[in-house]
Amino acid sequence: MRALSPGVNNPNTAIECLDQLVAALSHAIQRQVELRRAGIETDAGASDVGDARPDETADAAGALPVAATAHFVEGELRLVTPRLGLPGLVTLTFDEIRHHSRGTPTVQLRLIEAVAGLLSMDVDDATRNALFHQAEMIKRAVPDIPEADDREAILSLCKAVLKGGRQLRPSA
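Calculation notes
- Residues numbered from 1 in each chain as written.
- Predicted model: local features only at pLDDT ≥ 70, side-chain atom pairs only at ≥ 80, totals over all residues.
- Heavy atoms only, no water.
- Helix = DSSP H or I, 4+ residues; strand = E, 2+ residues; numbered from the N terminus.
- Buried < 20%, exposed > 50% of the residue type's maximum accessible area, 1.4 Å probe, protein only.
- Contact = heavy atoms within 4.5 Å.
- Expected span 1.5 Å × (residues − 1).
- Salt bridge = Lys/Arg side-chain N within 4 Å of Asp/Glu carboxyl O.
- Patch = residues over 30% accessible without salt bridge, like charges linked within 9 Å, V, L, I, M, F, W, Y side chains within 5 Å.
- Areas by Shrake-Rupley, 256 points an atom, 1.4 Å probe, with all protein chains shown as cover.
- Lys, Arg positive; Asp, Glu negative; His and termini not counted.
- Charge placed at Lys NZ, Arg CZ, Asp CG, Glu CD.
- Core = buried A, V, L, I, M, F, W, Y, C linked by side-chain atoms within 4.5 Å.
- Axes fitted to C-alpha atoms, helices over the stretch in contact; angles between N-to-C directions.
- Parallel < 35°, antiparallel > 145°, perpendicular 65-115°, else oblique.
- Nonpolar A, V, L, I, M, F, W, Y, C, P; charged D, E, K, R; others polar.

Focus on the overall build of the protein
Part 1 of the argument: Along the protein, the regular secondary structure elements total five helices and three strands.
Part 2 of the argument: Tracing the protein from N to C terminus, the helices and strands come up as α-β-β-β-α-α-α-α.
Part 3 of the argument: The buried share among the 172 residues of the protein stands at 34%.
Part 4 of the argument: For the protein, contacts bridging at least 24 residues in sequence account for 55% of all contacts bridging at least 6.

What follows is the structure, given as structure tokens:
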């Protein structure tokens, strides 16, 4: 986020970083789609590494169980890590860049374009809703864009994404 700090203010670097993060997220989404089509249950993009096993573990406060992976070394539990899943990856991909690029039209436009591109993929409902949430937050930041033409371009794309979202969202 240094690229978007007032002292540096280099939106092109932020856009390049965003593009790399979105490419990684696209890869994770595509992997989930492939597994789902093969009939393999997925945990929205979480993956087990090495000698790790899925587990249901209480959160830090001992509350409701959360999905986690238990990592074992020579049969002994060494680490329990939460599974982020695709909706969590969406949040990590967009939140900080969106927050720090408020008022920067080129980055805000690239953010909503990235959301639109990811929504064109065969994402699960939870990931789709996380992407719609990002589009809604980008739309709410439009008034901070200084130039009217830039505001209109971003708002127009936000509205198109969100309009399509109302048609795509599963009924409650």
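The structure having been displayed, the exposition proceeds.
Considerations on helix H1 (residues 11-37)
Part 1 of the argument: With 27 residues, H1 should cover 39 Å at 1.5 Å per step; its first-to-last C-alpha distance of 38 Å lies within 8% of that length.
Part 2 of the argument: The set of residues buried in H1 consists of Pro11, Ala14, Ile15, Leu18, Val22, Leu25, Ala28, Ile29, Gln32, Val33 and Leu35.
Part 3 of the argument: The inward-facing, buried residues of H1 contact helix H2 (85-100), helix H3 (105-119) and helix H4 (125-140).
Part 4 of the argument: Of the residues flanking the end of H1, it is glycine 39, one or two places downstream, whose phi is positive at about 80°.

Observations concerning the pattern of salt bridges
Part 1 of the argument: Applying the stated criterion across every chain, the model contains seven salt bridges.
Part 2 of the argument: Where arginine 110 meets glutamate 113, a salt bridge forms, and the shortest distance between an N and an O atom there is 3.9 Å. Placement of the pair is arginine 110 and glutamate 113 together in helix H3, with a separation of three residues, close to one helical turn.
Part 3 of the argument: Relative accessible area serves as the criterion here: at 36%, glutamate 113 is assigned to the partly exposed category.
Part 4 of the argument: Among the ionic contacts, a cluster of salt bridges with common partners joins Asp19, Arg110 and Glu113.

Structural notes on a negative patch on the surface
Part 1 of the argument: Where like charges cluster on the molecular surface, the negative patch consists of Glu147, Asp149, Asp150 and Glu152.
Part 2 of the argument: Secondary-structure assignment places glutamate 147 in the loop between H4 and helix H5 (148-168).

Observations regarding the environment of serine 156
Part 1 of the argument: Counting through the fold element by element, serine 156 comes out in helix H5.
Part 2 of the argument: It is 9.2 Å that separates the C-alpha atoms of serine 156 and lysine 139, two residues lying 17 residues apart in sequence.

Examining the nonpolar core
Part 1 of the argument: Within the largest apolar cluster, 32 residues are counted, with the highest numbers of intra-cluster contacts made by Ile29, Phe94, Val115 and Leu118.
Part 2 of the argument: Contributions of two or more residues to this core are made by H1, H2, H3, H4 and H5.
Part 3 of the argument: Sorting elements by how many residues they give to this core places H1 first, with eight residues.
Part 4 of the argument: Not counting residues up to four positions away in its chain, the partners in contact with isoleucine 29 are Leu86, Leu118, Met121, Val123 and Thr127.

Quick notes on the packing of H1 against H3
For any two helices packed against each other, one specifies the inter-axial angle together with the distance between the axes.
Part 1 of the argument: Viewed as axis vectors pointing N to C, H1 and H3 meet at an angle of 10°, and their least axial separation amounts to 10 Å. Judged on the interaxial angle alone, H3 and H1 are roughly parallel. Listed contacts from H3 to Pro11, Ala14, Ile15, Leu18, Asp19, Val22, Leu25, Ser26 and Ile29 of H1 are Thr106, Val107, Arg110, Leu111, Ala114 and Leu118.
Part 2 of the argument: Counted by class, the contact of H1 with H3 contains 11 nonpolar, two polar and two charged residues.

A short note on the packing of H1 against H2
Part 1 of the argument: At a minimum axis distance of 10 Å, the contact between H1 and H2 shows a crossing angle of 170°. In terms of orientation, H1 and H2 fall into the roughly antiparallel class. Every residue of H2 that contacts H1 at Leu18, Leu21, Val22, Leu25, Ala28, Ile29 and Gln32 is listed here: Leu86, Leu89, Val90, Thr93, Phe94 and Ile97.
Part 2 of the argument: Broken down by class, the residue content of the contact of H1 with H2 amounts to 11 nonpolar, two polar and no charged.

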